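# Structural overview
Below are the chains, spelled out letter by letter.
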Amino acid sequence: MNDQMERTYIALIHKDLDSDYGVSFPDLPGCISVGSTLGEAGEMAREALALHLAGLAADGLLIPPPCSPDDALVHEDAFDAIALIVVEALPERTEEEAQAEFEAFLASDEYREIFGTPIAESELDDLPYCDEEPISEAVAAGIGLRPVKADASERTYAALVRQSNDGGICISFPDLPGCAASGETLEATCKTARRVLASHLDQLPAKGASIPEPSSASKVHSLMDATDAVALTVVTALSERDSDAEAYREIYRDPVSAS
């Protein structure tokens, strides 16, 4: 990650069912954005990042250095994220322009829609108490981000996300040449990738090939093959597959006979 005056950061992509794509920055609490598509979310994130950095500078606060992809995966905000992207802030504005735009954002309906109405200190005691960590729909569906460990038995691999001109999504695994999944949306492709990854890993021993250890997210992110990727995600293979299931047949078609 080059610093570029610390204006390029790792961001997390969040996506629940029937929601837009949300973007947050582990290094910059409160800096978030949304978009109806993955590409739009990235563009909006560039503007949000520029505004946030300008606001920090205007307030005389230190701008934190960008974290690595692996650090982002263990951040508390990653529990409901499904991908990582790299965001470079828009060109700097003058201090006066930045402060004016930042203050306008804080007073906007968009800000209130994202953060809601500020809670008064006297109201904090009335908030419902939850002693269990909430589980997002992405995590419950098995497509939430998680750390990548150098252990093939984990069946968890970092993958690259690419987007075609028509908006289609493709997920591929640098550690596993030929292992890829495609779909119309990021979350749907993540689900398909779990089955594709499981099938690929299960077939390697039958072919006399060893199962490679997963590369770290930072290593995958730095590969030359990653230059045309729009995001990075982490996929865990399904532990069991039902070869008679309709979902299996839709992905792999009719099973090929051993003969």
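Residues numbered from 1 in each chain as written. Predicted model: local features only at pLDDT ≥ 70, side-chain atom pairs only at ≥ 80, totals over all residues. Heavy atoms only, no water.

## Here we look at the overall build of the protein chain
A count of helical and extended segments in the protein chain gives eight helices and eight strands. Within the protein chain, the proportion of its 259 residues that are buried is 39%. In the protein chain, once contacts between residues fewer than 6 apart in sequence are set aside, the share between residues at least 24 apart is 65%. Only carbon and sulfur atoms are counted for the fraction: they give 50% of the accessible area of the protein chain, which is about 14,700 Å². (Helix = DSSP H or I, 4+ residues; strand = E, 2+ residues; numbered from the N terminus. Buried < 20%, exposed > 50% of the residue type's maximum accessible area, 1.4 Å probe, protein only. Contact = heavy atoms within 4.5 Å. Areas by Shrake-Rupley, 256 points an atom, 1.4 Å probe, with all protein chains shown as cover.)

## As for the pattern of salt bridges
The tally for this structure, following the rule as stated, stands at four salt bridges. A salt bridge links K15 to E187, with the nearest nitrogen and oxygen atoms 3.0 Å apart. Here the residue K15 occupies a position in the loop between β1 (8-14) and β2 (21-24), and E187 occupies one in helix α6 (residues 186-206), the gap between them amounting to 172 residues. What makes K15 buried here is its relative accessible area of 10%. (Salt bridge = Lys/Arg side-chain N within 4 Å of Asp/Glu carboxyl O.)

## Digging into the side chain of K15
In this structure the side chain of K15 is engaged in a polar contact, spanning 2.7 Å, whose partner is the backbone oxygen of S19. Contacts of K15, omitting those with residues within four sequence positions, involve D20, Y21, D80, I82, A138 and E187. (Polar contact = N/O pair within 3.5 Å; in protein donor to acceptor, adjacent residues only side chain to side chain.)

## Some remarks on the pairing of β2
By the alternation rule, side chains of β2 split into Y21 and V23 and G22 and S24, which are all buried. Here three bridges tie β1 to β2, and the two strands are oriented antiparallel to one another. Paired with I13 across the two strands is V23, which belongs to β2. Linkage of β1 to β2, two consecutive antiparallel strands, is achieved through a turn of six residues, within which D18 is found at a positive phi near 60 degrees. Where β2 meets strand β3 (residues 32-35), four bridges bridge the pair, whose relative direction is antiparallel. By the bridge assignment, V23 is partnered in β3 with S33. (Pairing = 2+ DSSP bridges.)

## Here's the deal with the environment of G30
Looking at where G30 falls in the secondary structure, it is placed in the loop between β2 and β3. A sequence separation of 22 residues divides G30 from H52, and the C-alpha atoms of the two residues are 8.5 Å apart.

## A look at the environment of A231
As for its position among the elements, A231 is in strand β8 (residues 231-236). Using a relative accessible area of 6% as the deciding quantity, one classes A231 as buried. Remark: the alpha-carbon pair of A231 and I10, spanning 221 residues in sequence, is separated by 9.9 Å. Apart from the residues lying within four places of it in its own chain, the contact partners of A231 are A83, L84, I85, A159, L160 and V161.

## Remarks on the nonpolar core
Residues I13, F25, F173, L186 and L197 are the most contacted members of the largest nonpolar core, which totals 44 residues. Residue contacts for I13: discarding those within four places in its chain leaves Y21, G22, V23, L38, A81, I82, A83, I85 and L186. By size, the runner-up hydrophobic cluster in this structure holds 17 residues, among which are L12, A81, A158 and A217. (Core = buried A, V, L, I, M, F, W, Y, C linked by side-chain atoms within 4.5 Å.)

## Some thoughts on the confidence of the model for the protein chain
Low pLDDT marks stretches whose predicted atomic positions should not be read closely. For the protein chain, the mean per-residue pLDDT works out to 80, and 75% of the residues sit at or above 70. With pLDDT under 50 throughout, residues 251-259 is counted as low confidence; its partners more than four residues away or in other chains account for nine contacts. (pLDDT = per-residue confidence, 0-100.)

## Considering the environment of P91
Along the polypeptide, P91 turns up in the loop between β4 (81-88) and α3 (95-106). Look at P91 and you get exposed, because its relative accessible area is 63%.

## Side note on the side chain of R155
Examined against the element boundaries, R155 turns out to sit in the loop between α5 (137-140) and β5 (156-163). Within the structure, the side chain of R155 is placed 3.3 Å from the backbone oxygen of L238, a separation counted as a polar contact. Beyond its immediate chain neighbours, meaning those up to four positions away, R155 contacts L197, A198, L201, D202, V235, T236, A237 and L238.

## Some remarks on α6
For α6, which comprises 21 residues, the first-to-last C-alpha distance of 31 Å matches the rise-based estimate of 30 Å (1.5 Å per residue) to within 8%. With a side-chain oxygen positioned 3.2 Å from the backbone nitrogen of A188, the residue opening α6 is T185. G208 sits one or two residues past α6 and shows a positive phi near 80 degrees. (Expected span 1.5 Å × (residues − 1).)

## Some words on the pairing of β1
Of all seven residues in β1, seven are buried, a share of seventy percent or more. The alternating pattern of β1 places T8, I10, L12 and H14 on one face and Y9, A11 and I13 on the opposite face, and all of these are buried. Pairing between β1 and β4: seven bridges, direction antiparallel. Across the sheet, residue Y9 finds its bridge partner in β4, namely V87.

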